[in-house]
Amino acid sequence: MLLVIYSLTADQWSAIGQWVGAAGTLWAVVVSLKLSREAKIAAYPQLKIVSVPGSFADDRDTRIFKVVNVGQVPITIVSFYCRSPKSRRGKETALFMDKASISKLKL
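All values derive from a computational prediction rather than experimental measurement.

So, the overall build of the protein
In step 1: When helices and strands are counted, the protein shows three helices and four strands.
In step 2: Along the protein, helices (α) and strands (β) appear in the sequence α-α-β-β-β-β-α when read from the amino end.
In step 3: Long-range pairs, those at least 24 residues apart, make up 18% of the contacts in the protein between residues at least 6 apart in sequence.
In step 4: For the protein, the exposed surface amounts to about 9,800 Å²; the carbon and sulfur share of it is 64%.

Below, the structure is given as structure tokens:
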């Protein structure tokens with residue numbers, strides 16, 4: 001093995017260097033495309049919404065919504081609408097909040 005390495009000429013060494021440089025360039029292009037794709041995906045707004053049951057002291061059923069921005073883009077909620085199926089009392093409930101109502105909430 002060592003005999004082969006020591007017997008290489010200058011032209012053969014330069015060919016090996018070109019092969020290594022080509023492999024490095026190919027790897028850099030692959031990494032660059034991967035990073036570009038990840039940045040493109042992160043540019044979209046992403047929300048995580050969790051709903052948990054809650055209750056008031058007067059035995060009214062409630063839902064608590066937690067909205068978390070998990071993306072890298074700032075998000076402004078301008079309206080919120082939620083409709084639930086019929087409850088135990090046979091009534092369908094709906095909730096709509098506009099921008100003015102949301103801004104009054106203490107979050």
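There is more to say, and it comes next.
Thoughts on the environment of Ala-43
In step 1: Mapped onto the secondary structure, Ala-43 falls in the loop between α2 (10-42) and β1 (47-55).
In step 2: Ala-43 sits in the partly exposed class, given a relative accessible area of 48%.
In step 3: Placed 29 residues apart in sequence, Ala-43 and Gln-72 show a C-alpha to C-alpha distance of 6.6 Å.

Some points on the pattern of salt bridges
Two side chains bearing opposite charge may form a pair once their charged atoms approach each other closely.
In step 1: Taken as a whole and judged by the stated rule, the model has one salt bridge.
In step 2: In this structure, Lys-34 engages Glu-38 in a salt bridge whose closest nitrogen and oxygen atoms are separated by 2.6 Å. Here Glu-38 and Lys-34 lie together in helix α2, a separation of four residues that amounts to about one turn.
In step 3: Overall, Glu-38 belongs to the partly exposed group, its relative accessible area being 42%.

Observations concerning the confidence of the model for the protein
In step 1: In this model, the protein carries an average pLDDT of 76, and 64% of its residues clear a pLDDT of 70 or more.
In step 2: Model confidence for the protein, summarised as mean pLDDT per element, is weakest for helix α3 (residues 99-104) at 58 and strongest for α2 at 90.

A closer look at a nonpolar patch on the surface
In step 1: Among the surface-exposed residues, Leu-47, Ile-49, Phe-65, Val-67, Ile-75 and Ile-77 lie close enough to one another that they form a single nonpolar patch of about 470 Å² accessible area.
In step 2: Elements that contribute at least two residues to the nonpolar patch include exactly β1 and β2 (61-69).
In step 3: Examined against the element boundaries, Ile-49 turns out to sit in strand β1.

Regarding the environment of Ile-75
In step 1: Tracing the backbone shows Ile-75 in the loop between β2 and β3 (80-83).
In step 2: For Ile-75, a relative accessible area of 30% gives the class partly exposed.
In step 3: Between the alpha carbons of Ile-75 and Gln-46 there is a distance of 8.6 Å; along the sequence they are 29 residues apart.

Criteria and cut-off values
- Residues numbered from 1 in each chain as written.
- Predicted model: local features only at pLDDT ≥ 70, side-chain atom pairs only at ≥ 80, totals over all residues.
- Heavy atoms only, no water.
- Helix = DSSP H or I, 4+ residues; strand = E, 2+ residues; numbered from the N terminus.
- Contact = heavy atoms within 4.5 Å.
- Areas by Shrake-Rupley, 256 points an atom, 1.4 Å probe, with all protein chains shown as cover.
- Buried < 20%, exposed > 50% of the residue type's maximum accessible area, 1.4 Å probe, protein only.
- Salt bridge = Lys/Arg side-chain N within 4 Å of Asp/Glu carboxyl O.
- pLDDT = per-residue confidence, 0-100.
- Patch = residues over 30% accessible without salt bridge, like charges linked within 9 Å, V, L, I, M, F, W, Y side chains within 5 Å.

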